[in-house]
Amino acid sequence: MAKKQKVYSLTGRIDDRLMMQAFKAVKRNRGAAGIDKVSIAMFEENLEANLAALKRDLKTRGKFVPKPLRRVWIPKDAKGTKLRPLGIPAVRDRIAQEVVRRLLEPIFEPLFHDCSFGFRPKRSCHNAIRRLLSFHEAGDRITLDADIAGFFETSRTN
């Protein structure tokens, strides 16, 4: 069992170094501009001021409000006959998300069940399949998979 970590104010941990690390991570991932049409290069043109303003908003209660996502439709299948929506956040919002991820992940990651693979660092669907196969080889014959998002999508329409 992971040792419980006491955490108080996370906003006190938001500093210039964390802001720059978050920006660099977003820049590495590249990505398109959001609804505000501000690209990573445009954000970087006035980087210090933009990061300072974002840091101020993140530290001030109720000040940070993310922009709506820019909606684009991308192919869902190889033929391109089915499309799925993709929401693209503004660069500023992606940096804010990365700051929050870097603050929360060390706190919560140790608490997650070892058999949880979705959206976790150094885990993938391939890891999940390997784990499932190891259970099968050990004699387990029943597997439970729960897709909460899928559940709510179907329960809304019924």
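Structure shown above.
Criteria and thresholds
- Every chain's residues receive numbers from 1 upward, in the order its sequence appears when written.
- Since the coordinates come from a predicted model, pLDDT governs what is reported: local features require at least 70, and pairs of side-chain atoms require 80 or more to be given and counted, while whole-chain, interface and lining totals use all residues.
- Note that water and hydrogens are dropped before the side-chain values are worked out from all heavy atoms of the structure.
- The definition of a nonpolar core used throughout is a set of buried Ala, Val, Leu, Ile, Met, Phe, Trp, Tyr and Cys residues joined through side-chain atoms within 4.5 Å.
- Accessible area is worked out with a 1.4 Å probe on protein chains only. A residue is then buried under 20% of its type maximum, exposed over 50%, and partly exposed in between.
- Helical segments are the DSSP runs of H or I of at least four residues, strand segments are the runs of E of at least two, and each set is numbered from the N terminus.
- We call two residues in contact when some of their heavy atoms are within 4.5 Å.
- To estimate the expected span of a helix, subtract one from its residue number and multiply by 1.5 Å.
- The angle separating two fitted axes, one through the seven residues that finish at a residue and one through the seven that start at it, defines the bend at that residue.
- Think of each axis as a best-fit line through the C-alpha atoms, taken over the contacting stretch in the case of a helix, with angles from 0 to 180 degrees between the N-to-C directions.
- Working rule for angles: under 35 degrees goes down as roughly parallel, over 145 as roughly antiparallel, 65 to 115 as roughly perpendicular, anything else as oblique.
- Here a crossing is taken to be left-handed if its near helix is turned anticlockwise relative to the far helix by less than a right angle, and right-handed if that turn runs clockwise.
- Residues adjacent in sequence count toward polar contacts only when both atoms are side-chain atoms; beyond that, a polar contact is any pair of N or O atoms within 3.5 Å, and within protein one must be able to donate a hydrogen and the other to accept it.
- Salt bridges are counted wherever a side-chain nitrogen of Lys or Arg sits within 4 Å of a carboxyl oxygen of Asp or Glu.
- Each direction from the helix axis to a C-beta atom contributes to the arc, which is the arc of those directions.

Peer 1: A description of the nonpolar core should follow, citing residues and the corresponding values.
Peer 2: One recurring pattern in soluble globular proteins is that nonpolar side chains are buried together. Ile95 and Val99 are the most contacted members of the largest nonpolar core, which totals 17 residues. Listed by contribution, the elements that provide at least two residues to this core are α1 (16-29), α2 (40-45), α3 (47-59) and α4 (91-108). Setting aside residues no more than four positions away along its own chain, Ile95 makes contact with Met19, Ala22, Phe23, Val26, Phe43, Leu51 and Leu54.

Peer 1: Please give an account of the side chain of Glu98 that cites residues and values.
Peer 2: Summarising the element assignment, Glu98 is placed in helix α4. For Glu98, a relative accessible area of 13% translates into the label buried.

Peer 1: So, α4: which residues are in play, and what are the values?
Peer 2: For α4, spanning 18 residues, the distance from its first C-alpha to its last is 25 Å, which sits close to the expected 26 Å at 1.5 Å a residue. Maximal helix bending in α4 amounts to about 25°, located at Arg102; proline Pro106 follows within four positions. Restricting attention to buried positions, one finds in α4 the residues Val91, Arg92, Asp93, Arg94, Ile95, Ala96, Glu98, Val99, Leu103 and Ile107. Contacts made by the buried residues of α4 are with α1, α2, α3 and β2 (83-88).

Peer 1: Go over the packing of α1 against α3 with me, naming the residues and quoting the values.
Peer 2: Viewed as axis vectors pointing N to C, α1 and α3 meet at an angle of 115°, and their least axial separation amounts to 10 Å. Comparing the axis directions of α1 and α3 gives the class roughly perpendicular. α3 is crossed by α1, and the crossing has right-handed handedness. Along the contact surface, α1 presents Asp16, Met19, Met20 and Phe23, while α3 presents Leu47, Leu51, Leu54, Lys55 and Leu58.

Peer 1: Got a sec to walk through the side chain of Arg92? Specific residues and values, please.
Peer 2: Its location among the elements puts Arg92 in helix α4. Only 2.4 Å separates the side chain of Arg92 from the side chain of Asp57, close enough to count as a polar contact. Ignoring anything within four residues of it in the chain, the contact list for Arg92 reads Phe43, Leu54, Asp57, Phe64 and Val65.

Peer 1: Describe the packing of α1 against α4, with residues and values.
Peer 2: Close contact between α1 and α4 brings their axes to 8 Å; oriented N to C, the two are set at 120°. On the basis of the axis angle, α1 is oblique to α4. Relative to α4, α1 is oriented so that their crossing is right-handed. Residue-level contacts link Leu18, Met19, Gln21, Ala22, Phe23, Ala25, Val26 and Arg28 of α1 to Val91, Arg94, Ile95, Glu98, Val99, Arg102 and Leu103 of α4.

Peer 1: I'd like to hear about the pattern of salt bridges, residue by residue, with values.
Peer 2: Inspection of every chain in the model, using the stated rule, returns ten salt bridges. Where Asp16 meets Lys55, a salt bridge forms, and the shortest distance between an N and an O atom there is 2.6 Å. Taken as a pair, Asp16 in helix α1 and Lys55 in helix α3 lie far apart in primary sequence, 39 residues in all. In this structure Asp16 comes out as exposed when scored by relative accessible area, which is 55%. Close ionic contact of Arg101 with Glu98 constitutes a salt bridge, the shortest N to O distance being 2.7 Å.

Peer 1: I'd like to hear about α3, residue by residue, with values.
Peer 2: Over its 13 residues, α3 extends 18 Å from the first C-alpha to the last, a length consistent with the 18 Å expected when each residue adds 1.5 Å. Restricting attention to buried positions, one finds in α3 the residues Leu47, Leu51, Leu54, Asp57 and Leu58. Considered in projection along α3, the buried side chains sweep an arc of 125° and stay on one side of the axis. Every exposed residue of α3 that faces more than 90 degrees away from the buried side is listed here: Glu48 and Arg56. On its buried face, α3 is in contact with α1, α2 and α4.

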